[in-house]
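Survey of secondary and tertiary structure
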Amino acid sequence: MLSIFQIIGYRASNFSTGNHAQKIGYGTAPLLSRRMSSKSGIGIGGAETQSSEKGQQERIRTPRFYEEQAAHRRYFYHVDLHGRLFLEGTTPRNIATCLKDPKFLHFFFSRIRRNRLGIFGGYSHVSPCGREMNFIGSADAVSGPFVFRDLIGSVLEYGGGSTQTLRPDGLVISEETGR
């Protein structure tokens, strides 16, 4: 059975930390993935996970492509349905191969912006870092790369310990996805 947070999107205009509403600029936002619990309906190996992973495997490009882009300091990442961050060419994608350093994840997620660069349009968001540009694809195109992983009181947690206060008045159901 799905929790209310997996069914209902959380409106990005309710982001107050770091002024994310202006930086991200999308109408519906992250889902709450309850620590990959089998009760969530999106557990490890679930149908949704397998489906999104299949789609992401099609996006993985040749090693030569990644080498050429690295020369221009462009790197490609993927956020799965559980909010785990991977280098795009990583296979298999599981808890052992995701990026885990909390400082890096906080740094990476705190700089995420919409991709308005005019290149690599299939990547909805970027995370700039100095002269580097990190392009981000996500398993859920509507929610983007933000997946709330925990709810502690009225505080939602995502991306390496970043937090956002839950504002229930901002909960909406997406007409596009029904979540």
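Fair warning: this is a prediction, and the values are worked out from it, not measured in the lab.

So, about the sheet that holds strand 6 (residues 125–129). Overall, mixed pairing links the five strands, which are arranged 4-3-7-6-5 in an open sheet. Each edge of the open sheet is held by one strand with a lone partner, namely strand 4 (85–87) and strand 5 (113–114). Note that strand 6 and strand 7 (residues 132–138) share five bridges and pair antiparallel. Bridge assignment links Cys129 to a residue of strand 7, and that residue is Glu132. In this fold helix 5 (residues 102–110) packs onto strand 3 (74–79), strand 4, strand 5, strand 6 and strand 7, with an angle of close to 90° to the strand it touches most, strand 4.

Our next topic: the sheet that holds strand 11 (residues 162–165). On the basis of which strands lie adjacent, the open sheet formed by three strands has the order 9-10-11 and antiparallel pairing. Of all strands in the sheet, those with a lone pairing partner are strand 9 (150–152) and strand 11, marking the two edges. The mean angle between the axes of side-by-side strands here comes to 30°, regardless of whether they run parallel or antiparallel.

Further remarks concern the pairing of strand 7. A large share of strand 7 lies buried, amounting to six of its seven residues. As judged from the six bridges shared by strand 3 and strand 7, these two strands associate in the parallel manner. Residue pairing in the sheet places Tyr77 in a bridge with Ile136 of strand 7. The turn linking strand 6 back onto strand 7 is made up of two residues, and Gly130 within it adopts a positive phi angle of 60°.

One finds Val79, Leu85, Phe108, Phe109, Ile112, Ile136 and Phe146 to be the most contacted residues of the largest nonpolar core, which totals 13 residues. Mapped onto this core, the elements with two or more residues apiece are strand 3, helix 5 and strand 10 (155–158). No other element matches helix 5, which puts three residues into this core. Ignoring anything within four residues of it in the chain, the contact list for Ile136 reads Tyr77, Val79, Phe108, Ile112, Tyr123, Ser124, His125, Val126, Ser127 and Pro145. Phe76, Phe120, Val126 and Met133 belong to the second largest nonpolar core, which has eight residues in total.

With the exception of glycine, the majority of residues adopt a negative phi angle, and the majority of peptide bonds are in the trans configuration. The omega angle of the peptide bond from Thr91 to Pro92 is -10°, so this bond is cis rather than trans. Inspection of the secondary structure puts Pro92 in the loop between strand 4 and helix 5. The backbone of Arg73 shows a phi angle near 60°, a positive value even though the residue is not glycine. Considering the arrangement of structural elements, one finds Arg73 in the loop between helix 4 (63–71) and strand 3. Judged by its relative accessible area of 31%, Arg73 falls in the partly exposed class. One non-glycine residue with positive phi stands out, namely Phe120, at about 50°.

By the definition in use, this model includes 16 aromatic pairs. Measuring from ring centre to ring centre gives 6.1 Å for Phe65 and Phe120, while their planes differ by 80°; the resulting arrangement is edge-to-face. Taken together, the positions of Phe65 in helix 4 and Phe120 in the loop between strand 5 and strand 6 put the pair 55 residues apart, joining distant regions of the chain. Phe120 matches Phe65 in its accessibility class, with the two residues each being buried. Look at Phe108 and Phe109: their rings are 5.8 Å apart centre to centre, the planes differ by 70°, and that puts the pair in the edge-to-face class. This pair shows no difference in class: Phe108 is buried, exactly as Phe109 is. Joined through ring pairs, the aromatic side chains of Tyr77, Phe104, Phe108, Phe109, Phe146, Phe148 and Tyr158 make up one cluster. Taking NZ or CZ as reference, Arg61 lies 4.5 Å from the ring centre of Phe65, over its face.

Thresholds applied
Residues numbered from 1 in each chain as written. Predicted model: local features only at pLDDT ≥ 70, side-chain atom pairs only at ≥ 80, totals over all residues. Heavy atoms only, no water. Pairing = 2+ DSSP bridges. Helix = DSSP H or I, 4+ residues; strand = E, 2+ residues; numbered from the N terminus. Contact = heavy atoms within 4.5 Å. Axes fitted to C-alpha atoms, helices over the stretch in contact; angles between N-to-C directions. Buried < 20%, exposed > 50% of the residue type's maximum accessible area, 1.4 Å probe, protein only. Core = buried A, V, L, I, M, F, W, Y, C linked by side-chain atoms within 4.5 Å. Phe/Tyr/Trp six-rings, centres within 6.5 Å; stacked < 30°, edge-to-face > 60°. Lys NZ or Arg CZ within 6 Å of the ring centre and 35° of its normal.

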